Amino acid sequence: MATVSMTKGAELAGVSKGTVSKALKSGRLSYAEKTDNGYLIDTSELFRVFPPKQPETVETTHLDTPVGNRETLMETGGLLREVELLREQLRDRDGVVDDLRQRLDKSEDERREAQARVIGLLAGPGPTESKRGFFGRLFGRPDE
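Everything numeric here is computed off the predicted structure, so don't read it as measured data. (Residues numbered from 1 in each chain as written. Predicted model: local features only at pLDDT ≥ 70, side-chain atom pairs only at ≥ 80, totals over all residues. Heavy atoms only, no water.)

## Focus: the overall build of the protein
Rule in force here: A run of H or I in DSSP counts as a helix once it spans at least four residues, and a run of E counts as a strand once it spans at least two, with each numbered from the N terminus. Accessible area is worked out with a 1.4 Å probe on protein chains only. A residue is then buried under 20% of its type maximum, exposed over 50%, and partly exposed in between. In what follows, a contact means two residues having at least one pair of non-hydrogen atoms within 4.5 Å.
Helix and strand counts for the protein stand at five helices and three strands. Each helix and strand of the protein, placed in order from N terminus to C terminus, yields the pattern β-α-α-β-β-α-α-α. Here the protein holds 144 residues, and the buried ones make up 12% of them. Put simply, 45% of the contacts in the protein that link residues at least 6 apart link residues at least 24 apart.

## Regarding the sheet that holds strand β2 (residues 33-35)
Stated precisely, the cut-off is as follows: At least two bridges found by DSSP between two strands are what make those strands a pair. Each axis is a line fitted through C-alpha atoms, and for a helix only the stretch in contact is used; angles between axes span 0 to 180 degrees, taken between their N-to-C directions.
Spatial strand order, β1-β3-β2: three strands in an open sheet with antiparallel pairing. In this open sheet, the two edge strands, each paired with only one partner strand, are β1 (3-5) and β2. Taken pair by pair, the neighbouring strands of this sheet meet at an average axis angle of 30°, ignoring direction. Pairing geometry for β1 and strand β3 (residues 38-42), over three bridges, is antiparallel. Looking at β3, one finds that Val 4 is bridged to Ile 41. Where helix α1 (residues 6-13) meets the sheet, its contacts fall on β1 and β3, and the angle it forms with β1 comes to roughly 100°.

## Here we look at α1
Where we set the bar: What the arc describes is the spread of directions from the helix axis to the C-beta atoms.
Of all the residues in α1, the buried ones are Met 6, Gly 9, Ala 10 and Ala 13. The buried side chains of α1 occupy one side of the element, clustering within an arc of 100° when seen end-on. Summarising the contacts, the buried residues of α1 are in contact with β1, α2 (17-26), β3 and α3 (43-49).

## Here we look at the confidence of the model for the protein
Defined as follows: Each residue carries a pLDDT score, the predictor's own confidence in it, on a scale running from 0 to 100.
Per-chain confidence: the protein averages 81 in pLDDT, with 78% of residues scoring 70 or above. No element of the protein has a lower mean pLDDT than helix α5 (residues 134-139), at 77, and none a higher one than α2, at 90.

## Digging into the nonpolar core
Under the convention used in this document: In this description, a nonpolar core means a group of buried Ala, Val, Leu, Ile, Met, Phe, Trp, Tyr and Cys residues linked to one another through side-chain atoms lying within 4.5 Å.
Counting residues in hydrophobic clusters, the biggest one holds 12 residues: Val 4, Met 6, Ala 10, Ala 13, Val 20, Ala 23, Leu 24, Leu 29, Ile 41, Leu 46, Val 49 and Phe 50. Elements that contribute at least two residues to this core include exactly α1, α2 and α3. Setting aside chain neighbours within four positions, we find Met 6 in contact with Lys 17, Val 20, Ser 21, Leu 24, Tyr 39 and Ile 41.

## Section: the packing of α1 against α2
This is how it is decided: Roughly parallel means an angle under 35 degrees; roughly antiparallel means over 145; roughly perpendicular covers 65 to 115; every other angle is labelled oblique. Crossing handedness: left-handed means the near helix sits turned counterclockwise from the far one by under a right angle, and right-handed means the same turn made clockwise. Think of it as three bins: nonpolar holds Ala, Val, Leu, Ile, Met, Phe, Trp, Tyr, Cys and Pro, charged holds Asp, Glu, Lys and Arg, and polar takes everything else, Gly as well.
Between α1 and α2, whose axes approach to 8 Å, the crossing angle comes to 110°. In terms of orientation, α1 lies roughly perpendicular with respect to α2. For the pair α1 and α2, the sense of crossing is right-handed. Contacts between α1 and α2 involve Met 6, Thr 7 and Ala 10 from the former and Lys 17, Val 20, Ser 21 and Leu 24 from the latter. Split into classes, the residues belonging to the contact of α1 with α2 amount to four nonpolar, two polar and one charged.

And the structure:
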């Protein structure tokens, strides 16, 4: 099995040399051999404790991110403008709905007034009360 130094193991695992040293001292990580130059760690043991660091492609990551950000910013700006336009349309429609409601209420009131006038005309004049008193009606005096 392949062995590596503590420095190389820390580099492969993507952790600091101090982290590997603490793991060795605590017994969490075992070593294959201790030499005058330091510890030799079996790679399988190293990767059991610290998963291997994924290789990072710096060029691809740095090139993709700004382009993606610009596109995202452009899309976000367009979406924000679209949302603002939709909100404006909603405000306009709310105004139209409120105006129509007011007109409907007003026409309903006018309809009720007209209906009351028609009913009043159809019923004709109400019975007029005689100004004669009891004896006047009894003895047939004419209305005054």
